[in-house]
Structures are given as structure tokens and as C-alpha cells.
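Topology and contacts: notes
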Amino acid sequence: MKLKILLENDDNDPAIEWLKRNASTYNAELWMQDGEIFVNGDVSFRSKVKLDKFPYKFKQVTGDFDVSMTGLKSFENFPTVIEDKLILNDMDNLTNLEDIHKHIKEVGVMYINGTVISRNILGLAMINMDDIFLTNAPSKEMGKAFAIMKKYLGKGRAGVIEAQSELINAGLDDFAEM
């Protein structure tokens, strides 16, 4: 783990201290601004921390943001912008994407592997996103729902309405919620 702290007074900030203990990264630049964490580079919490939500607010990550196997249940305090990949692998406690669009506004690509999402995926249409990759979908319904949703990524409210209609017509009502 090698973090470069850009502002010396940030080195003693509780959020920075927490990141140093719980995040894996290499040569990432990290700073606080207006109480929010900015990361220039990749940051991974994979298997390193078990919590329901992040205790500190991230604003932007210019690289990958990997929260695989962390136990997170909520997107609260997630970065508003993730320029590269959001990785959600083997997230046992994350069963829905409720309100994801209220926390994440932009992500390059989202990767989901082995995570059981069973409802509330419409918010993905509200996120500016290039693509979403789903592997090892635990159910046919989940795979079908995400295949439908891919067509509406980043389409905003119009995409939400169209995706909701298509999901309901496909018998995937639980996925057709925000």
C-alpha cells in the first residue's frame, strides 16, 4: 500500500487515517477537499474491511473503485464519479441497487460477478455509464434484467420509463423499481 498524501495537513485527517488502514492502492494520490475524499488512481477495499457503508464521503476516483467482498449494503458515501471501473464482486449483503443513482452520477464501467441483485435496478439508467458487465449471474431473471437494463444506461428519466416498461413486460417486476 502506497498512498501519496497531497496536502500535509490531510495526513492527520481521520478519513485519511482510515483509508491508510483499510485500502489497498499503489501510487495513488489522495486528498481531502470540503470534507470529501478525492483519489487520483485506483483504490481497493477487496476483503479488507467489513462494513454496511463507508464512514467517509468519497467525491471522485480517477481509476478503479473495488469494493468486492466488503459486506457493503448501501451506496451511501460512494464516489459521485468513478472514471474507470466500479467492481462489485461477491457482495453477499448487496441485494439491490436502490438509490444508486443518488450517490453515483458517473462511472466508466461497472463489473458485477457473483453478487445476487434481486430488485431495484432502474437507477442505473440515471448514471452516466459506458457499460455494465454481469458474470456468474445467480439467476436467469437477474441475467435477463441486466441485459434489458444495458440498453438504457445513461438515458436518464426517459430510459427509466422505457426500461421499467420492458422489465414489467418481461415479468421482472422486482427489478423494475428505483
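Now for a description of the structure that goes with this document.

What counts, and at which threshold
Residues numbered from 1 in each chain as written. Predicted model: local features only at pLDDT ≥ 70, side-chain atom pairs only at ≥ 80, totals over all residues. Heavy atoms only, no water. Salt bridge = Lys/Arg side-chain N within 4 Å of Asp/Glu carboxyl O. Helix = DSSP H or I, 4+ residues; strand = E, 2+ residues; numbered from the N terminus. Buried < 20%, exposed > 50% of the residue type's maximum accessible area, 1.4 Å probe, protein only. Contact = heavy atoms within 4.5 Å. Expected span 1.5 Å × (residues − 1). Arc of directions from axis to C-beta. Pairing = 2+ DSSP bridges.

**So, the pattern of salt bridges**
Within the structure shown, the criterion is met by eight salt bridges. Across the salt bridge formed by R46 and D66, the nearest N and O atoms sit 3.0 Å from each other. Of this pair, R46 sits in the loop between β4 (43-44) and β5 (58-61) while D66 sits in strand β6 (residues 65-66), and the two are 20 residues apart along the sequence. Residue D66 is classed as buried on the basis of its relative accessible area of 8%. A salt bridge links K53 to E76, with the nearest nitrogen and oxygen atoms 3.1 Å apart. Pair noted here: K53 is in the loop between β4 and β5 and E76 is in the loop between β6 and β7 (81-89), with a separation of 23 residues, a long-range link. E76 sits in the partly exposed class, given a relative accessible area of 32%.

**Focus: the environment of A176**
Inspection of the secondary structure assignment puts A176 in the segment after α4 (156-169). Sequence-wise, A176 and K155 are 21 residues apart; in three dimensions their C-alpha atoms are separated by 15 Å.

**Notes on unusual backbone geometry**
With a phi angle near 50°, D34 is a residue other than glycine that sits in the positive phi range. Relative accessible area serves as the criterion here: at 75%, D34 is assigned to the exposed category.

**Digging into the environment of P138**
Note that P138 resides in the loop between β9 (128-135) and α3 (140-150). Among the residues examined, P138 registers a relative accessible area of 47% and is labelled partly exposed. C-alpha separation for the pair P138 and I127, spaced 11 residues apart in sequence, amounts to 24 Å. In contact with P138, other than residues within four places in its own chain, are T115 and V116.

**Digging into α4**
Taking 1.5 Å as the rise per residue, α4 with 14 residues should run 20 Å; its terminal C-alpha atoms sit 20 Å apart, in good agreement. Within α4 the residues assigned to the buried category are G156, G159, V160, A163 and L167. Buried residues along α4 cover an arc of 100° about the axis, so they all sit on one side. In α4, the exposed positions angled more than 90 degrees off the buried face are occupied by R157, I161 and N169. In this structure, the buried residues of α4 make contact with α3. Just downstream of α4 lies G171, where phi reads positive at about 80°.

**Considerations on the pairing of β5**
As paired strands, strand β3 (residues 36-40) and β5 are joined by three bridges and run parallel to one another. If you follow V39 over to β5, its bridge partner there is V61. Pairing of β5 with β7, which is carried by two bridges, proceeds in the parallel orientation. For Q60, the partnering residue across the bridge sits in β7 and is V81.

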